[in-house]
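# Structural overview
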Amino acid sequence: MWLQVVHVLSNTNSLNTKFFALQVLEGVIKYRWNALPVEQRDGMKNYISEVIVKLSSDEISFRRERLYVNKLNIILVQILKHEWPARWRSFIPDLVAAAKTSETICENCMAILKLLSEEVFDFSRGEMTQQKIKELKQSLNSEFQLIHELCIYVLSASQRAELIRATLGTLHAFLSWIPMGYIFESPLLETLLKFFPMAAYRNLTLQCLTEVAALTFGEYYDLQFVKMYIIFMVQLQSILPPTTNFLEAYAKGSSEEQAFIQNLALFFTSFYKPHIRVLESSQENINALLQGLEYLINISYVDDTEVFKVCLDYWNSLVLELFEAHHNLDNPAASANMMGLQMPMIPGVGDGVGSQLMHRRQLYAGPMSKLRSLMICRMAKPEEVLIVEDENGNIVRETMKDNDVLVQYKIMRETLIYLAHLDHEDTERQMLKKLSKQLNGDDWTWNNLNTLCWAIGSISGSMVEEQENRFLVMVIRDLLNLCEITKGKDNKAVIASNIMYVVGQYPRFLRAHWKFLKTVVNKLFEFMHESHPGVQDMACDTFLKIVQKCKRKFVTVQVGENEPFVSELLTTLPATIADLEPHQIHSFYESVGNMIQAEPDPHRRDEYLRRLMELPNQKWAEIIGQARQSVDYLKDPDVIRAVLNILQTNTSAANSLGTYFLPQISLIFLDMLNVYRMYSELISTSIAQGGRYASRTSIVKLLRSVKRETLKLIETFLDKAEDQPHIGKQFVPPMMDPVLGDYARNLPDARESEVLSLFATIINKYKRAMIEDVSRIFEAVFQCTLEMITKNFEDYPEHRLKFFSLLQAIATHCFPALIHLSSEQLKLVMDSIIWAFRHTERNIAETGLNLLLAMLKNFQASEFCNQFYRTYFSTIEQEIFAVLTDTFHKPGFKLHVLVLQHLFCLVESVVMSEPLWDVATVPYPYPNNGMFIREYTIKLLSTSFPNMTATEVTQFVNGLFESREDLVSFKNHIRDFLVQSKEFSAQDNKDLYAEEAAAQRERERQRMLSIPGLIAPSEIQDEMVDS
């Protein structure tokens, strides 16, 4: 086959045809190389090498065929990954010798070396086994001397710009991993610093210096690092004086100049992360350090997201380092406690360390103050702010969240909190100064006010209470004044959004100052009448946020008041919500529900609830009254919309009231089920008469919305209500026929998936108490839902996920009910689980795998263990291997591994007392189940992967048995197998490492919890002390 490729490459002039042929060849090399005869492998190797040498030895053909040569280089590196070092020991010496024969060959050799380095060090994870990666790294390290000599020779002797650029590019790829002696004990670093001032090589050299800057090797090379930095700073000042206006220079610069500023940011940040301490050692070094930090702060003002991200990432780590030292100095006992250590207080200990830390803090005080100003000026928009400026300069409601901005806000917020902890006075002074400039109009722009208020809101929780109180009184007063004196609707909308954001961030202050809290809430009610887009939404969101954190304040009689605020609010409720849209009214009802939920007196609480629900209940009574006289009244679209709105209002209140919503739901429950049944019949009739398309008509969609909302209301109430069995007894039996029976009787297109999630919630809530009802639920939903969802992977997506969630609830809480199913029904259950984890939709596959694990563990602990596993063990193993080696199912890797580990541990355990094979059909009696499964798995994998040798498969299966007790090595063993089986090559493999990433995220959250202010007040899940 590959001889055909040679024929095509030799005889065509079309680049596309050549590329296509090489693509075929690349596939063969990647996946079939070891299966080819030796002479064919050698032929391919020699042919590719010869074509590369031929084309690159001549300047004209090399430039003309550049793309083709690049592709040939890639093919050669793919061959090297198999052949080198074991079967092609002379590769590096041959390459270096060829490079010395001509400058164009040399240039191409540099390209090949660069590719090789990238393949081994940057792109190898998940592409090669861990053993192979280790072997290639060792080979490159041991043979690097020849490559190093070649690079130095080229840089000192050549005059060709292309060759020098190629060599610098190759060095850039190598510098991060080569032994440090090659850099610091050879002329390499001096050579690079010589090239830095030359405009043609400036960016490439700077990239190389950045790689060097990021290296660390204890203190051994500290002097060389300092020397490099000092020479670099001197050269930099002549290229780009410190007085440059970077914002302007970047905006007007060419792409090369812009890249230079970006590379400069990378150099400084890469150097400072490991080596900043070395520069703090003498006054001369400190001056150069402060100069560099000044450059970096100026670069941070450049209007380019990528440049800013690089700078921000470093500022975050520097400020964190300074903060941690300062935090431990201010409070050694607390910081020891924070780490869970017991630390006796010994006077006089640590004074030397203390003075060093103080000195370090003073050293950075200047740059940190400038950094605070930068953070305030460039603060990113928080999620809560819904009012933005569009590209035409108009103030509008945000339509889509920008995730990049939210990530940036999170890092900036964290950085600013550390900066505030380092010097609260400077933070407060800068913020108040900027705010006064807004008030007197010196600095008034939307953007300046926005970034300032976002910054003020983001440091919530970082100050001690007294300071926070003093600071906020001034801030809120100034903002309210600004709102009064500023004219223009857009201006007022911007100020309103900022007031709302700031007050929503400081619940502790509001809890401590009733007068301010009341003023703020009344101001929010004022904003609820403001027609400017986004203002009402934000007012409702902020109201909900404040109420959740200060709810008890609203139900107690405050000093100077005659009644609790909630009572006053309920009296004026119709006027307050008069201008709100339905979805905003629902949010308002949820907020008031939160207040009522905080009332300890049951009579007063029920009275407040009655007053809250007065408007919707009046409308409901009116509709039901009319319906009793004539059922047709309920068919009017406006009436259907009114019913929907009433149900949504009830759901919002139930969401915050939980158990205390009982009197209200009891009032409407039976009427609601009657409406549900009637609307269901209407839908079925429409679909029966009009076919599938009837389900898309507006009237049927509206009727279904009412059904869904009814189910959602019941689910919300039962989910939020405390675990009181009498509530379940009161509400579940009446629903059996109107809801479950209706689901079974309906046409597929008229079945609501919410029925499945409602019963999943009920089972999760009342657990074993529901065992009796499982068979009824099973009969009503199981068979008919399976028929809907197993025809293909696309139809009824909502039903799919909810169906498996219901199954999972049953398997977890009502497992005895599953044991009593007939073998046909259990087979249906197992088939549906296998069908679920085969699904390409990630969340359905994950639910299926979790469900499978729950079933396996439950059956293992039951008396039917042997019977179950004899029937399903081999099927499950086969199906799990099928999805494990299917690239569409990579995200399920962690769960696939857990299932396999469970199976392989079980096979060798005493629980399995009977043979897994069918004694009647298998003539050979195996000594134990382990031997049977070993043989079965080897057969299964050998037939699935003919490209793997019998030895490789046997080794893998033996490894599974050997590592089954240790999850980490079991998982790594499977990762290596996936690389060997070549199913996973050349794709993104991060999903195979997802579990390790999740553990890292949890450690980070625990760290954040220990620093005041780092987790925003709204994110802390506590019963906030607002008594």
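Quantities reported herein were computed from a predicted structural model and do not represent experimental measurements.

The next point concerns unusual backbone geometry. In this structure, the amide linkage connecting Trp 84 to the following residue, Pro 85, adopts the cis form with an omega of 0 degrees. Locating Pro 85 in the fold gives a position in the loop between helix H5 (66-83) and helix H6 (91-99). The residue Lys 767 is not glycine, and still its phi comes out positive at about 45 degrees. Even without a glycine there, the phi angle at Tyr 796 is positive, about 50 degrees. Inspection of the secondary structure assignment puts Tyr 796 in the loop between helix H39 (771-789) and helix H40 (797-813).

In terms of nonpolar packing, the biggest core is built from 345 residues, with Phe 232, Phe 268, Tyr 272, Trp 315 and Met 855 touching the most fellow members. The residues touching Tyr 272, leaving out its near neighbours within four places in the chain, are Tyr 229, Leu 279, Leu 289, Gly 292, Leu 293, Leu 296 and Tyr 314.

Another aspect to go through is the environment of Leu 826. With respect to the helices, strands and loops of the structure, Leu 826 is situated in helix H42 (residues 823-837). What makes Leu 826 buried here is its relative accessible area of 14%. Counting along the chain gives 42 residues from Leu 826 to Phe 868, while the straight-line C-alpha distance between them is 9.7 Å. For Leu 826, the residues in contact, after removing those within four places along its chain, are Leu 821, Met 855, Phe 859, Phe 868 and Tyr 872.

Per the stated rule, a full pass over the model turns up 55 aromatic pairs. Ring geometry for Phe 525 against Phe 565: centres 6.4 Å apart, planes inclined by 25 degrees, an arrangement best described as stacked. Residue Phe 525 is located in helix H28 (residues 514-527), and its partner Phe 565 is located in helix H30 (residues 565-576); the two are separated by 40 residues in the primary sequence. The positively charged end of Arg 202 is found above the aromatic ring belonging to Phe 260, 5.6 Å away from the centroid.

Let us look at empty space enclosed by the protein. Counting across every chain of the model gives three cavities of 30 Å³ or more. Empty space within the largest cavity amounts to approximately 60 Å³. Along its surface, the largest cavity is lined by Leu 322, Ala 325, His 326, Leu 357, Arg 360 and Arg 361. For the lining of the largest cavity, the residue count by class is three nonpolar, one polar and two charged.

Considering the arrangement of structural elements, one finds Lys 45 in helix H3 (residues 38-56). Classification of Lys 45 as buried rests on a relative accessible area of 8%. With near-sequence residues (within four places) excluded, Lys 45 lies in contact with Ile 79, Glu 83, Arg 87 and Trp 88.

So, on to helix H34 (residues 637-657). For H34, with 21 residues, the first-to-last C-alpha span of 30 Å sits near the 30 Å given by 1.5 Å per residue. The N-terminus of H34 is capped by Asp 636, whose side-chain oxygen sits 2.9 Å from the backbone nitrogen of Asp 638. Directly after H34, the chain includes Gly 658, whose backbone phi takes a positive value near 60 degrees.

With that out of the way, let us pick up the confidence of the model for the protein chain. Per-residue pLDDT for the protein chain has a mean of 86; in total, 92% of the residues score no lower than 70. Segment residues 333-350 is flagged for pLDDT under 50; beyond a separation of four residues in sequence, or across chains, it makes nine contacts in the model. Long-range and interchain partners of residues 983-990, a stretch whose pLDDT sits below 50, account for 27 contacts in this model, where long-range means more than four residues apart.

On to the packing of H3 against H5, then. At a minimum axis separation of 10 Å, H3 and H5 run at an interaxial angle of 145 degrees. Between H3 and H5 lies a crossing whose hand is left-handed. Taken together, the residues of H5 that come into contact with H3 (itself represented by Arg 41, Lys 45, Ile 48, Ser 49, Val 51, Ile 52 and Leu 55) are Tyr 68, Val 69, Leu 72, Asn 73, Ile 75, Leu 76, Ile 79 and Glu 83. For the contact of H3 with H5, a count of residues per class yields ten nonpolar, two polar and three charged.

Quick look at the side chain of Asn 108 now. Positionally, Asn 108 belongs in helix H7 (residues 103-121). In this structure Asn 108 comes out as buried when scored by relative accessible area, which is 1%. With residues up to four places along the chain from it excluded, the contact list for Asn 108 reads Ile 52, Ser 56, Phe 62, Val 69 and Asn 73.

Let's shift gears to the pattern of salt bridges. What the rule picks out here adds up to 48 salt bridges. Among the salt bridges present, the one from Arg 66 reaches Glu 107, with a minimum N-O distance of 3.2 Å. Placement of Arg 66 in helix H5 and of Glu 107 in helix H7 is noted, with a sequence separation of 41 residues between them. The class of Glu 107 is buried, set by a relative accessible area of 5%. Measuring nitrogen to oxygen at the nearest pair gives 3.2 Å for the salt bridge that ties Lys 635 to Asp 632. Residue Lys 635 is classed as partly exposed on the basis of its relative accessible area, which comes to 36%. In the salt-bridge network here, residues are joined through shared partners; they are Glu 59, Arg 63, Arg 66, Glu 103, Glu 107 and Arg 160.

Thresholds applied
Residues numbered from 1 in each chain as written. Predicted model: local features only at pLDDT ≥ 70, side-chain atom pairs only at ≥ 80, totals over all residues. Heavy atoms only, no water. Helix = DSSP H or I, 4+ residues; strand = E, 2+ residues; numbered from the N terminus. Core = buried A, V, L, I, M, F, W, Y, C linked by side-chain atoms within 4.5 Å. Buried < 20%, exposed > 50% of the residue type's maximum accessible area, 1.4 Å probe, protein only. Contact = heavy atoms within 4.5 Å. Phe/Tyr/Trp six-rings, centres within 6.5 Å; stacked < 30°, edge-to-face > 60°. Lys NZ or Arg CZ within 6 Å of the ring centre and 35° of its normal. 1 Å grid on protein atoms, 1.4 Å probe; cavity = no way out; pocket = protein on both sides within 12 Å on 5 of 7 lines; lining within 4 Å. Points joined across faces, edges and corners; volume = space filled by probe spheres on them. Nonpolar A, V, L, I, M, F, W, Y, C, P; charged D, E, K, R; others polar. Expected span 1.5 Å × (residues − 1). Polar contact = N/O pair within 3.5 Å; in protein donor to acceptor, adjacent residues only side chain to side chain. pLDDT = per-residue confidence, 0-100. Axes fitted to C-alpha atoms, helices over the stretch in contact; angles between N-to-C directions. Left-handed = near helix turned anticlockwise from the far one by under 90°. Salt bridge = Lys/Arg side-chain N within 4 Å of Asp/Glu carboxyl O.

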